[in-house]
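# Understanding the architecture of this molecule
Residues per chain are reported as follows:
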Amino acid sequence: FGLDRRGLALIYLKALTISGYEVIYVVREKKKENIPTILALLEESNAKVIYVPDSSLIGEFRYLSDIFRAEAPEAGFLYTTPDDVSGIMAFSDCKDIFVRYQINLTDHAFWLGVHAFDYCIEFRDYGVSISHYYREIPKERIFKQPFYPFIDQEKEFEGFPFEKGEKDFILFSGGSLYKTIDRKENIYYKLVDFCLREFDFVKFWYAGSGDDTELVKLREKYPGRIFHMGERNDLYQILQHIDLYLNTYPMVGGLMMQYSAEAGKLPLTLRHGEDGSGLLIHQGELGIEFESPESIKEELRRIIGDRDYRTRKEQALNGAVISPEQFNASLLKMVQSHTSGYEIEYSKPDT
């Protein structure tokens, strides 16, 4: 992906280097400037970094295959975009050279390469079930490995993009804007509109890129109360300074939910089938998921209007995300014995 702190590359690399493995990291050359944190980690652990030059799909495939054959690693992790033809071809081509794992970050998407790996690593039961029932990957080739958000505790909060008043309630949301687009009913933006209409002290802040048509409409309707900006490196610190995180809809933000929980802020979520399930530990017991716009509106009224109620609910978020130590131990077990430390519950989801 060429993303630095977003996604899962950093925590997988940390786990492997901490466990004493010699790591070879292969990434497109044009992504080099995008991954300073990853490169710093790899340099610290004396890992090898190989840059893939810009080329045709076939040229890239051959370059990768040559690397794999020359290095002959014990294991290879395919962590890539759903449409990465050259990477998937290279992993398919190296069937008998090393044990191949796919890290499935985008379990809600269609992706190529169902035969490009020996084991598929999913992060929740929803993705596990999609891969088994719809991609027809055998159960013995699927592992579950929950993840945690990388947090730079040294990072300082870069401030609000507006002047924050003492009585302001900051409603925050973020991620790729495609996750908010629901052209039939426009539910997400109706929820934001509801909060701004019901409470004149609410300000809404969105961080992320994509089609901002609906945000622009709301900004015109509520001047001085809607703020949109691109992604920031101080996401965790932002969440520490807001009052409530409103999850995107119809597609939820999994990593955003975890950042919010780690920061001690409720990630209030309108459910859309099983899309947002299994992203937090004991998620169904946290009182953060709602089945209808009407029920989440009632909760928004209570949370925004009653600070004590909100604080009590926030306390239940302790332990909602696995620790780095648990993640590292589970991944090590997977690589060494080809078994997972996490049980799987299969259920055929409605896609």
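Description of the structure in this document. Since this is a predicted model, take the numbers as computed values, not measurements. Sequence order as written defines residue numbering, which begins from 1 separately in each chain. Totals for whole chains, interfaces and linings use all residues, but because this is a predicted model, local features are given only for residues with pLDDT of at least 70 and pairs of side-chain atoms are given and counted only at 80 or more. Hydrogens are left out, water is left out, and the side-chain values use all remaining heavy atoms of the structure.

Turning next to the pattern of salt bridges. Salt bridges are defined as contacts in which a side-chain nitrogen from Lys or Arg sits within 4 Å of a carboxyl oxygen from Asp or Glu. Counting across every chain of the model gives 23 salt bridges. For the salt bridge of Glu71 with Lys48, the shortest nitrogen-to-oxygen distance reads 2.6 Å. Here Lys48 lies in strand 2 (residues 48–52) and Glu71 lies in helix 3 (residues 57–71), a separation of 23 residues in the sequence. Residue classification places Glu71 among the partly exposed residues on the basis of a relative accessible area of 28%. Glu158 serves as the salt-bridge partner of Arg232, at 3.9 Å between the closest nitrogen and oxygen. Taken together, the residues Arg232 in the loop between strand 9 (226–229) and helix 8 (235–241) and Glu158 in the loop between strand 6 (142–144) and strand 7 (169–174) connect sequence positions 74 residues apart. By sharing partners, the salt bridges in this structure join Lys155, Glu158, Arg232 and Asp234 into a single network. Numbered from the N terminus, helices here are DSSP runs of H or I no shorter than four residues, and strands are runs of E no shorter than two. Classification of residues uses two cut-offs on accessible area relative to the type maximum, computed with a 1.4 Å probe and protein chains only: under 20% is buried, over 50% is exposed, and between them is partly exposed.

Take Arg135: it is sitting in the loop between helix 5 (125–133) and strand 6. Nearest to the buried, unbridged Arg135 among oppositely charged side chains is Glu122, at 4.6 Å. Setting aside residues no more than four positions away along its own chain, Arg135 makes contact with Asn104, Asp107, Ala109, Phe110, Trp111, Val114 and Ile130. In this charge count, Lys and Arg are treated as positive and Asp and Glu as negative; neither His nor the chain ends contribute. Here, residues are in contact when the closest pair of their heavy atoms is within 4.5 Å.

Another point: the pairing of strand 2. Paired strands, as defined in this entry, are two strands with at least two bridges between them according to DSSP. Inspection of the sheet shows strand 1 (residues 24–28) paired to strand 2 by five bridges, in the parallel sense. Looking at the pairing, Arg28 lines up with Val52 of strand 2. Place the viewer so that the strands point away; then a crossover is right-handed whenever the path from the first strand over the helix to the second strand goes clockwise. Note on the crossover from strand 1 through helix 2 (residues 36–44) to strand 2: the handedness is right-handed.

The strand order across the open sheet formed by four strands is 3-4-5-6, and the pairing between neighbours is parallel. The two strands at the open ends of the sheet, each matched to only one other strand, are strand 3 (75–78) and strand 6. Each strand axis lies, on average, 25° off the axis of its neighbour in the sheet, ignoring direction. Note: strand 5 (residues 119–122) against strand 6, three bridges, orientation parallel. Looking at strand 6, one finds that Glu122 is bridged to Lys144. Angles shown run from 0 to 180 degrees and are taken between the N-to-C directions of axes, each axis being a line fitted to C-alpha atoms and, for helices, limited to the stretch in contact. Docked against the sheet, helix 4 (residues 85–93) engages strand 3 and strand 4 (99–103), running at close to 155° with respect to strand 3.

Helix 12 (residues 324–337) packs onto helix 1 (residues 9–18) with a crossing angle of 70° between their chain directions and a minimal axis gap of 9 Å. Put simply, helix 1 runs roughly perpendicular to helix 12. In terms of crossing hand, the pair formed by helix 1 and helix 12 is right-handed. In contact with Ile11, Tyr12, Ala15, Leu16 and Ile18 of helix 1, helix 12 contributes Phe327, Asn328 and Leu331. All amino acids are sorted into three groups, where Ala, Val, Leu, Ile, Met, Phe, Trp, Tyr, Cys and Pro are nonpolar, Asp, Glu, Lys and Arg are charged, and the leftover types, Gly among them, are polar. When grouped by side-chain class, the residues that make up the contact of helix 1 with helix 12 number seven nonpolar, one polar and no charged. Convention used here: angles under 35 degrees read as roughly parallel, angles over 145 as roughly antiparallel, angles from 65 to 115 as roughly perpendicular, and any remaining angle as oblique. Crossing handedness: left-handed means the near helix sits turned counterclockwise from the far one by under a right angle, and right-handed means the same turn made clockwise.

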